[in-house]
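# Inside the fold
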Amino acid sequence: MGTPVIGVLALQGDVREHLSALAAAGVQGAPVRRPEELDTVDGLVLPGGESTTMSKLATLFGMADPLRERIRSGLPVYGTCAGMIMLADKILDPRSGQETFGGVEMIVRRNAFGRQNESFEAAVDIPGIPGGPVEGVFIRAPWVESVGAGVQILAEHGGHIVAVRQGNVLATSFHPELTGDHRVHRYFADMVRDAG
Ligand code: GLN
């Protein structure tokens with residue numbers, strides 16, 4: 001594959017920050033709002049934001065089912081924070097009617113690290129990513145309560161799982177797109193290249 005095109009689901013959330021991080025990581029990013037646009041990308045980022053709103057808008061824009069299918073058929077996807085929640089097969093503390101796309105055999109607890117004013121930064125060591133710990137920005141962040149047998153745990157913080165991978169799907173509780181460190185986006189870009 002030449003330079004892969006990585007979409008960012010642009011219904012809600014920190015889309016712009018992910019597009020800049022992808023550019024800095026040396027890949028082409030593209031906002032994705034409609035099902036047709038989903039067919040033109042080699043991978044997809046689900047940004048941070050508010051998963052309840054993202055869930056509603058995905059249904060409204062006719063994106064929920066096409067996305068579920070693409071993820072199931074192997075599209076590489078990376079979800080940060082709210083995006084991680086969208087990738088959970090099951091969530092704890094959902095709003096009523098909140099749905100996810102699924103893709104990772106995991107149970108995710110929303111707002112597990114506390115409220116907005118309890119947001120924090122912490123160094124997170126991800127053994128698959130060389131060069132020392134990454135700076136984890138946690139904003140009303142979820143954690144992974146439990147995972148199925150096929151899920152690789154990539155990182156923990158304070159005894160809780162904060163980064164996972166299952167096949168072509170990557171998810172972190174924190175927001176690398178809000179830092180100047182693009183190693184996680186580079187890691188995802190490599191996943192997209194390997195899949196292509
Ligand atoms: N707590 C938010 C949610 O439930 C996620 C917060 C974030 O993405 N920073 O969607």
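The structure we're discussing is the one just above.
A brief report on the enclosed structure follows. The structure presented is a predicted model; accordingly, all values stated were derived computationally and were not measured. (Residues numbered from 1 in each chain as written. Predicted model: local features only at pLDDT ≥ 70, side-chain atom pairs only at ≥ 80, totals over all residues. Heavy atoms only, no water.)

Applying the stated criterion to the full structure yields nine salt bridges. Taking the shortest distance from any N to any O, the salt bridge between Arg-34 and Glu-37 comes out at 3.7 Å. Arg-109 is the salt-bridge partner of Glu-145, the closest N and O atoms lying 2.9 Å from each other. Highlighted residues: Glu-145 in strand 9 (residues 143-147) and Arg-109 in strand 6 (residues 104-109), separated in sequence by 36 residues. Among the residues examined, Glu-145 registers a relative accessible area of 37% and is labelled partly exposed. According to the relative accessible area criterion, Arg-109 is partly exposed, its value standing at 29%. Several salt bridges share partner residues, and in doing so they unite Arg-34, Glu-36 and Glu-37 into one network. (Salt bridge = Lys/Arg side-chain N within 4 Å of Asp/Glu carboxyl O. Helix = DSSP H or I, 4+ residues; strand = E, 2+ residues; numbered from the N terminus. Buried < 20%, exposed > 50% of the residue type's maximum accessible area, 1.4 Å probe, protein only.)

On the secondary structure map, Gln-166 appears in strand 11 (residues 160-166). On the basis of relative accessible area, Gln-166 is assigned to the buried category, the value being 18%. Not counting the four nearest positions on each side in its chain, Gln-166 is found in contact with Gly-103, Val-104, Glu-105, Gly-150 and Val-151. (Contact = heavy atoms within 4.5 Å.)

Those residues of helix 3 (residues 51-60) not exposed but buried are Ser-51, Thr-52, Met-54, Ser-55 and Ala-58. Along the axis of helix 3, the buried residues cluster in a sector spanning 165°; they form a single face. Looking at helix 3, the residues exposed on the side facing more than 90 degrees away from the buried face are Lys-56 and Leu-60. On its buried side, helix 3 packs onto helix 4 (64-72) and helix 5 (82-86). Gly-62, located one to two residues past helix 3, shows a positive phi value of around 65°. (Arc of directions from axis to C-beta.)

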